[in-house]
Amino acid sequence: MRLRVLAAGLILMGCIGNPARAQSTHSNPWAPTELGPLPPIASLTDGVWLKGDLHLHSRHSKDSSNNSEAKIIHFAESVGMDYICITDHDNHVQGDVAHNTWTDPEFKSDSVLLLYGAEWTTTRGHGNAFSARPYDHQRLYDVRDQRDIVVGAVKKELGIHLSANHPSGKDHFGFSYDMVDSIEVWNSAYWSKNANAIMIWDDMLSSGRKLTGRGGSDSHHGIPDSPELAGKNTSQRQANYVGTPTTWVFAKKRTLQSVVDALTNGRVAVSANPYAPRVEFYADLDQDGKMDMMMGDNTKPTGKAVTFRVQLTGNTVAGAAYTIHIVKDGNPFNTLQATGGKTTMVEFTDTPNIVGRTYYRVEVEGPPTAYPQVPGSTALNGNRVGLSNPIYFNFDPNF
Ligand SMILES: [Zn+2]
Ligand SMILES: [Zn+2]
């Protein structure tokens, strides 16, 4: 659909002066369309869960402090991150991220995959670019004040994943969501900033966009490691850092490209921190007890009941109550309770409508998981444990 909208725009531009033709080419991009065959659902076992942070600022961002790339990367290694993306503001380095963030000799790690990216920082809003390889970020920077159709074409040519950052608030994302692959639904440990982001996500999903929700700490300041820095801005440094929140991706392999692909296809969950449980969400389409889909997957409904499974994997608190909110098409659908333990799992059943689009997603509340390296973060996130991406029915695979 993204490509189709851009193409429709080109046709309209070519038709200026011919209103009759322009009118006939207009179509409502949100109207339901006849679906062709959907791609087969990928294997649920052929892959690996990888955790990381997709929004980090180093000393190459002018509004950052005490935060060298070495500091970020060593910290990420120490808390077991699998990947990160250092996303310095391009306008602080005149777009030339390639000769700043990526060529810094500190941009290396033996254990953490380092995505190539930057925060595209424009007057119409901020977005993160993610790539498995260096790309010509200057080109994206150069078109920052141009129309969506121009930006979208450059993004496509560069082959990057573009993601809307902090979609509500002062630097809200003011471009079309047709040209992005994901949206930052959980920015930093300050949960209160995110309520509108979740609402915007539901609006975009409800309008037919298959749009991945992801997290990003957006942390700018290193935790003080020397006595003279203690006391300077320490509340922020100790409350929000690498991993608050943590974005999990189910990647085919442990490679940069597999991380980007998983982000694009939506096999993604967000947890409050690297030690908090991961929200996994599956569906059994034929009631044989074997799960057929996971979050991010899209299929045609059969008209029969589907069993959905929510599983919290990792450090749940034994005996503690977890509240599992099921959202269907943007509205509260069901609230379930699960008890922390070896297997923390609940199931529910529903029959997705055979016509029209339907999606289900999950938010989990419960006791905070300690993150001793960033001690202030647990109070700010409160009881937000994690969230899943949607399972989709009847969504246009090209959207
Ligand atoms: Zn920003
Ligand atoms: Zn940022």
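Residues numbered from 1 in each chain as written. Chains lettered and ligands numbered in written order. Predicted model: local features only at pLDDT ≥ 70, side-chain atom pairs only at ≥ 80, totals over all residues.

Moving on: the environment of glutamate 69. You can see glutamate 69 is positioned in helix 3 (residues 69-78). Considering only alpha carbons, one finds glutamate 69 and serine 58, 11 residues apart in sequence, at a separation of 5.6 Å. Every residue in contact with glutamate 69, bar those within four places of it in the chain, is listed here: Ser58, Ile86, Asp104, Glu106 and Phe107. (Helix = DSSP H or I, 4+ residues; strand = E, 2+ residues; numbered from the N terminus. Contact = placed C-beta atoms within 7 Å.)

Now for the nonpolar core. Soluble globular proteins tend to bury their nonpolar side chains together. Counting 89 residues, the largest nonpolar core has Ile84, Val249 and Val259 as its most contacted members. At six residues, the largest contribution of residues to this core is made by strand 3 (residues 113-122). Of the domains in this structure, domain 1 (48-271) and domain 2 (278-393) are the two that each give at least three residues to this core. Those residues in contact with valine 259, other than ones at most four positions away along the chain, are Leu50, Tyr83, Leu113, Leu115, Val249 and Ala251. (Core = buried A, V, L, I, M, F, W, Y, C linked by C-beta atoms within 7 Å. Buried ≥ 20, exposed ≤ 12 C-beta atoms within 10 Å, placed from the backbone. Domains from an automatic or database assignment.)

The next point concerns the environment of glycine 296. Residue placement: glycine 296 occurs in the loop between strand 11 (293-294) and strand 12 (298-299). Look at glycine 296 and you get buried, because 25 C-beta atoms sit within 10 Å. Ignoring anything within four residues of it in the chain, the contact list for glycine 296 reads Asn265, Gly266, Arg267, Val268 and Asn389.

For helix 5 (residues 148-158), the full list of buried residues reads Val151, Gly152 and Lys155. One side of helix 5 carries all its buried residues, which in axial view fall inside an arc of 100 degrees. Remark: glycine 159 follows helix 5 within two positions and exhibits a positive phi of approximately 70 degrees. (Arc of directions from axis to C-beta.)

By the secondary structure assignment, serine 377 is in helix 9 (residues 377-381). In the structure, serine 377 is positioned 132 residues away from proline 245 in sequence and 9.2 Å away in space, judged by C-alpha atoms. Setting aside chain neighbours within four positions, we find serine 377 in contact with Ala189, Ala239, Asn240, Thr244, Asn273 and Tyr371.

Before going further, it helps to spend a moment on the sheet that holds strand 11. Spatially, four strands are ordered 11-10-13-16 in an open sheet, and the strand pairing comes out antiparallel. Where the open sheet ends on each side, the last strands, each with one partner, are strand 11 and strand 16 (344-350). Of the strand pairs in this sheet, strand 13 (residues 306-313) and strand 16 are connected by seven bridges, and their pairing is antiparallel. Pairing of phenylalanine 308 across the sheet is with phenylalanine 348, part of strand 16. (Pairing = 2+ DSSP bridges.)

Another aspect to go through is the pairing of strand 3. Most of strand 3 sits inside the fold, with 10 of its 10 residues counted as buried. Residues Leu113, Leu115, Gly117, Glu119 and Thr121 of strand 3 are buried on one face, and the alternating residues Leu114, Tyr116, Ala118, Trp120 and Thr122, pointing to the opposite face, are buried as well. The pairing of strand 2 (residues 83-86) with strand 3 spans three bridges and is classified as parallel. Within strand 3, the residue paired with isoleucine 84 across the bridge is leucine 114. Here strand 3 pairs with strand 4 (residues 125-131) via seven bridges, running antiparallel.

Everything listed here is a matter of coordinates, which is why it stays silent on function.
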